Amino acid sequence: MSTTLTVQLTLEECCLLVETPAASLIEIVEHGIVEPGAGSPRDWRFDPAALDRLRQALRLQRELQLDWQAVAVALDLLDEVTRLRAENESLKRRLLRFTEP
């Protein structure tokens, strides 16, 4: 029998880990960059993947001086590029089966 441990972080814990004020994190959630679940901010729970996305969003905002709406679009485009690259690699592997002697 295996046990899976799921880590969930509160708003305050996320703020500490990504070094940003709660107001900024709330604004990020409002733009759909991360989705902590329903409820009020004090009830929100974030998973570790959300931390990576938060760090990426904060970096884009800080280094490129983008507003949060532009950060959301940029992250969606980066996700699409990642998905397309993975799909391309998969198709290349499948094609190699037919082209190798």
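Here, every reference points to the structure presented above.
Being a predicted model, the structure only gives us computed values, none of them experimental. (Residues numbered from 1 in each chain as written. Predicted model: local features only at pLDDT ≥ 70, side-chain atom pairs only at ≥ 80, totals over all residues. Heavy atoms only, no water.)

## Observations regarding the pattern of salt bridges
Two side chains with opposite charge may pair up if their charged atoms get near one another. Applicable threshold: The working definition used for a salt bridge is a side-chain nitrogen of Lys or Arg within 4 Å of a carboxyl oxygen of Asp or Glu. A run of H or I in DSSP becomes a helix once it reaches four residues, and a run of E becomes a strand once it reaches two; helices and strands are each numbered from the N terminus. Any residue under 20% of the maximum accessible area for its type is buried, any over 50% is exposed, and the rest in between are partly exposed; the area is computed with a 1.4 Å probe on protein chains only.
Taken as a whole, this structure holds seven salt bridges when the rule is applied. When the shortest N-O distance is used, the salt bridge between Asp76 and Arg53 registers 3.5 Å. Linking Asp76 in helix 4 (residues 68-99) with Arg53 in helix 3 (residues 48-64), this pair joins segments that are 23 residues apart in sequence. Classification of Asp76 as partly exposed rests on a relative accessible area of 48%.

## Topic: the packing of helix 1 (residues 11-18) against helix 2 (residues 22-30)
Heads up, the condition is: Comment: axis = line fitted to C-alpha atoms, over the contacting stretch for helices; angle = value between 0 and 180 degrees taken between N-to-C directions. Should an angle fall under 35 degrees it is taken as roughly parallel, and over 145 as roughly antiparallel, whereas 65 to 115 is taken as roughly perpendicular and any remaining angle as oblique. Should any heavy atoms of two residues lie within 4.5 Å, those residues are counted as being in contact. Ten residues, namely Ala, Val, Leu, Ile, Met, Phe, Trp, Tyr, Cys and Pro, are considered nonpolar, four, namely Asp, Glu, Lys and Arg, are considered charged, and the remaining ones, Gly among them, are considered polar.
Helix 2 packs onto helix 1 with a crossing angle of 105 degrees between their chain directions and a minimal axis gap of 9 Å. Our classification of the angle between helix 1 and helix 2 gives roughly perpendicular. The residues of helix 2 that touch helix 1, namely those facing Leu11, Cys14 and Cys15, are Ala22, Leu25 and Ile26. Its residues assigned to classes, the contact of helix 1 with helix 2 comprises six nonpolar, no polar and no charged.

This is a description of form; function is not addressed.
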